[in-house]
Amino acid sequence: MKRYWKHSTLMCLILIGFAFTVRFATPIYFEVPDKWPKPVYDFSKNPITEEGFQLGRNLFYDPILSRDKTISCASCHSPNNAFTHVDHDLSHGIEGRKGKRNSLALVNLAWSKNFMWDGGVNNLEVQPINPITNPVEMDEKLENVVTKLQQSPKYRTLFSKAYGDEKVTSQRILKALAQFTVMLKSSDSKYDKVMRHEASFTQQEEKGYQLFKANCASCHTEPLFSSDKFENNGLKPDDSLKDGGRIKITKNIKDSLRFKVPTLRNIKLTGPYMHDGSIQNLPMVLFHYTDDLYKSPSLSKQLTKKITLNKEDKDNLIAFLEALTDESFIHNPKFQYPR
Amino acid sequence: MIKKGIHSVFLFFFCFWLSAQNKSDSLAVNFHLEFNKLPLKLNHKYVSAANDTLTVETFRCYISGIQIQYDDNSVFTQKESYHLLDSENPNSFSIPITKKSDKLISKIIFNIGIDSVTNVSGALAGDLDPIKGMYWAWQSGYINMKIEGKSPSCKTRKNEFQFHVGGYLKPFYAMQCMKFPLDKKADDDINIGIDLNRFFSNLELSKTNSIMIPGKEAMKLAAHSNKMFYSQ
């Protein structure tokens with residue numbers, strides 16, 4: 001009996017302890033826009049809190065994650081460019097080392113099943129391991145990141161706000177970064193306002209929208225503007241890069257030259273385009289689809305029929321693509337460099 | 001503040017009590033890393049059955065999903081059963097599983113490697129922490145087994161061989177399920193040998209010396225690797 005009492009007091013104390021840990025973090029609710037599909041990301045395993053998000057935001061903008069403290073996530077994923085980089089075709093990392101691919105825009109990641117151009121990464125939380133440890137990106141070891149953050153008074157405070165104690169672990173770092181990146185939601189472009197009947201397209205945009213639905217939407221599927229599948233859109237392979245895309249992961253010949261269909265949200269801001277950054281601007285992208293397809297056995301069947309667009313069609317289509325720019329996303333103060 | 005202090009003191013004793021309990025009366029599975037039935041010495045020269053002279057520098061391997069079946073048909077399944085055996089850390093080769101008892105054990109089941117669900121479950125901790133160096137970054141997924149060392153048969157940089165075996169996507173799902181029938185009382189530890197000689201005797205190091213990605217070759221190695229395990 002005595003023993004029983006001891007145990008229940010102990011349990012009570014432990015429960016009080018839990019109450020402590022839960023109370024100080026402020027939950028954030030991830031809102032799914034009307035008529036959008038259910039997110040893929042499992043929020044139950046990483047409940048978003050204000051404190052966790054702020055920790056992630058600090059980490060995202062902090063070059064402390066790189067070996068020589070020169071490169072942050074934002075170096076390649078800048079908010080002004082819808083979280084990609086614009087100045088070069090292939091990403092540039094530590095000491096100016098060149099990567100093999102163009103950076104991807106970080107947007108609506110909660111709805112992605114696979115990450116990277118070849119879908120090699122299977123969960124948003126483990127994605128940062130890639131740039132952190134890649135010798136041409138941040139070239140750092142995860143255990144060093146843990147040590148550096150543990151030594152920083154600023155981060156000890158941020159970790160204890162987010163998790164209830166100061167302990168830094170790779171799991172906590174990765175989950176916090178995911179809390180920030182998963183919140184990068186863009187759903188307030190002119191297109192979205194039109195869909196919500198809060199605005200209307202110009203005639204030009206409307207014509208462009210119809211052309212888009214006829215020629216592009218089978219892969220760049222609304223409302224995310226990506227089917228989240230792997231396709232070969234007829235881009236001529238760059239001999240110097242030898243990048244087969246999805247085949248690297250599946251080893252299946254059918255996946256040769258297939259890449260993840262990228263979203264077209266904020267597309268006006270995210271050039272140069274394609275996984276190798278080989279296409280400079282949107283008119284050139286349309287030229288690619290109408291006149292410059294590289295025919296290979298894995299070319300997606302949606303593109304085997306020639307797409308014809310006259311000059312006016314092209315202008316209309318581009319006007320529509322520009323209506324996918326979401327200013328309130330780009331300028332959202334919550335996503336900017338933390339001060 | 002005071003409340004927090006008291007609570008951590010209690011928590012401390014609670015954990016202490018838990019761990020004390022673990023040690024005294026728990027049944028463990030002990031793995032024994034060997035070369036030709038003798039305890040493996042790291043960086044020691046061996047000759048394999050395939051006639052390769054070699055030294056082993058690293059052996060690391062995940063054991064998961066440990067299950068014990070008793071002859072009364074009851075089954076014990078370990079929760080959160082993910083364990084990294086690491087040649088740098090001899091203690092990691094002994095895994096406490098459940099309470100000792102007088103029951104008869106009829107079978108032990110475990111996996112070499114990590115199952116596909118865990119492979120897509122995001123950032124994990126403990127033995128599954130990616131810091132342990134058993135995780136691929138560019139293609140998410142755990143390395144089930146790492147065997148590294150040197151052999152003059154390898155015409156590679158510094159004569160190194162490196163085997164990183166893993167993969168969770170079909171048809172290259174490399175995890176191996178092992179089952180060993182036993183007939184022993186649960187009052188004493190279970191001993192499983194891992195004989196590296198059996199791994200290398202299936203292999204010509206001059207031809208196969210660097211496998212670092214999931215795929216066909218990794219599947220072959222995974223199949224060899226389960227021949228190393230035997231019940232002692």
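Residues numbered from 1 in each chain as written. Chains lettered and ligands numbered in written order. Predicted model: local features only at pLDDT ≥ 70, side-chain atom pairs only at ≥ 80, totals over all residues. Heavy atoms only, no water.

Counting residues in each nonpolar core, the largest one holds 64 residues, and the members touching the most others are Leu59(A), Phe60(A), Leu65(A), Leu149(A) and Ile173(A). If you tally residues by element for this core, the top one is helix 7 (residues 170-182) of chain A, at seven residues. In contact with Leu149(A), other than residues within four places in its own chain, are Leu59(A), Ile64(A), Tyr155(A), Arg156(A), Phe159(A), Val168(A) and Ile173(A). Among the nonpolar cores identified, the runner-up in size contains 48 residues, and Ile95(B), Cys154(B), Met178(B) and Leu203(B) belong to it. (Core = buried A, V, L, I, M, F, W, Y, C linked by side-chain atoms within 4.5 Å. Buried < 20%, exposed > 50% of the residue type's maximum accessible area, 1.4 Å probe, protein only. Helix = DSSP H or I, 4+ residues; strand = E, 2+ residues; numbered from the N terminus. Contact = heavy atoms within 4.5 Å.)

Moving on, we get to helix 12 (residues 311-322) of chain A. In an α-helix, one full turn covers 3.6 residues, which means residues spaced three or four apart are oriented alike. All names here are of chain A. The terminal C-alpha atoms of helix 12, which comprises twelve residues, lie 17 Å apart, in line with the 16 Å expected from a rise of 1.5 Å per residue. When we look at burial in helix 12, the residues that qualify are Asp 313, Lys 314, Asn 316, Leu 317, Ile 318, Ala 319, Phe 320 and Leu 321. Packed against the buried residues of helix 12 are helix 8 (190-195), helix 9 (203-215) and helix 11 (282-291). Of the residues flanking the start of helix 12, the one acting as N-cap is Asn 310, its side-chain oxygen 3.1 Å from the backbone nitrogen of Glu 312. (Expected span 1.5 Å × (residues − 1). Polar contact = N/O pair within 3.5 Å; in protein donor to acceptor, adjacent residues only side chain to side chain.)

With that out of the way, let us pick up the side chain of Lys260(A). Residues and elements named next belong to chain A. Structurally, the position occupied by Lys 260 is in strand 2 (residues 259-260). Buried charge Lys 260 goes without a salt bridge, the closest partner of opposite sign being Asp 228 at 4.2 Å. At 3.4 Å, the side chain of Lys 260 forms a polar contact with the side chain of Ser 112. Other than its neighbours up to four places away in sequence, Lys 260 contacts Ser 112, Asn 114, Phe 115, Met 116, Trp 117, Asp 228, Lys 229 and Phe 230. (Lys, Arg positive; Asp, Glu negative; His and termini not counted. Salt bridge = Lys/Arg side-chain N within 4 Å of Asp/Glu carboxyl O.)

With that settled, consider unusual backbone geometry. Cis rather than trans, the peptide bond between Gly271(A) and Pro272(A) has omega equal to -5 degrees. Within the fold, Pro272(A) resides in the loop between strand 2 and helix 11. Put simply, Lys170(B) and Pro171(B) share a cis peptide bond, and its omega is 5 degrees. At Lys251(A), a position not held by glycine, the phi torsion is positive, near 60 degrees. Assignment of secondary structure puts Lys251(A) in the loop between helix 10 (247-250) and strand 2. Despite not being glycine, Asn73(B) shows a phi value in the positive range, around 70 degrees. With a relative accessible area of 71%, Asn73(B) lands in the exposed category.

We now examine the packing of aromatic side chains. Residues and elements named next belong to chain B. A full pass over the atoms with the stated rule returns 35 aromatic pairs over all chains. Ring centres 4.3 Å apart and planes at 15 degrees place the aromatic pair Phe 35 and Tyr 46 in the stacked group. With a gap of eleven residues between them, Phe 35 in strand 1 (residues 26-35) and Tyr 46 in strand 3 (residues 46-47) connect regions that are remote in the sequence. When the centroid spacing of 6.1 Å and the interplanar angle of 40 degrees are considered together, the rings of Phe 110 and Phe 180 count as tilted. Linking Phe 110 in strand 8 (residues 104-112) with Phe 180 in strand 12 (residues 176-185), this pair joins segments that are 70 residues apart in sequence. (Phe/Tyr/Trp six-rings, centres within 6.5 Å; stacked < 30°, edge-to-face > 60°.)

This part is about the domain arrangement of chain A. How big an interface is tends to be stated in terms of accessible area lost as the parts join. All names here are of chain A. Taken domain by domain, chain A consists of domain 1 (25-186) and domain 2 (190-327). Computed from C-alpha coordinates alone, the two centres of domain 1 and domain 2 are separated by 26 Å. Overall, the association of domain 1 and domain 2 removes approximately 2,300 Å² of surface from exposure, summing both partners, and the carbon and sulfur fraction of that is 57%. When the buried area of domain 1 at its contact with domain 2 is split by residue, Trp 117, Asp 118 and Ser 186 rank highest and sum to 27% of it. Counting the contacts that link domain 1 with domain 2 gives one salt bridge. Of the charged contacts, one joins Arg 101 and Asp 243 as a salt bridge, the two residues approaching to 2.7 Å between their closest N and O atoms. Remark: the boundary between domain 1 and domain 2 carries 13 residue pairs in polar contact (both at pLDDT 80 or more). Counted by class, the side of domain 1 that touches domain 2 contains eleven nonpolar, twelve polar and five charged residues. (Domains from an automatic or database assignment. Buried area = accessible area lost by both parts, 1.4 Å probe. Nonpolar A, V, L, I, M, F, W, Y, C, P; charged D, E, K, R; others polar.)

Before going further, it helps to spend a moment on helix 5 (residues 142-151) of chain A. Residue and element names in this part refer to chain A. Taken residue by residue, helix 5 has Leu 142, Val 145, Val 146, Lys 148 and Leu 149 as its buried positions. Each buried residue of helix 5 sits inside an arc of 165 degrees when the element is viewed along its axis, so together they form one side. Buried-residue contacts for helix 5 involve helix 2 (50-60), helix 4 (129-133), helix 6 (153-163) and helix 7. (Arc of directions from axis to C-beta.)

So, on to the environment of Ser64(B). Residues and elements named next belong to chain B. Assignment of secondary structure puts Ser 64 in strand 4 (residues 53-70). Sequence-wise, Ser 64 and Val 165 are 101 residues apart; in three dimensions their C-alpha atoms are separated by 15 Å. Excluding residues that lie within four positions of it along the chain, Ser 64 makes contacts with Ser 81, Tyr 82, Phe 110, Asn 111, Gly 113 and Ile 114.

Residues and elements named next belong to chain B. Here Gly 65 lies in strand 4. Given the relative accessible area of 33%, Gly 65 is considered partly exposed. Along the primary structure Gly 65 and Asp 115 are separated by 50 residues, whereas in three dimensions their C-alpha atoms are 8.8 Å apart. Not counting the four nearest positions on each side in its chain, Gly 65 is found in contact with Ser 81, Ile 109, Phe 110 and Asn 111.

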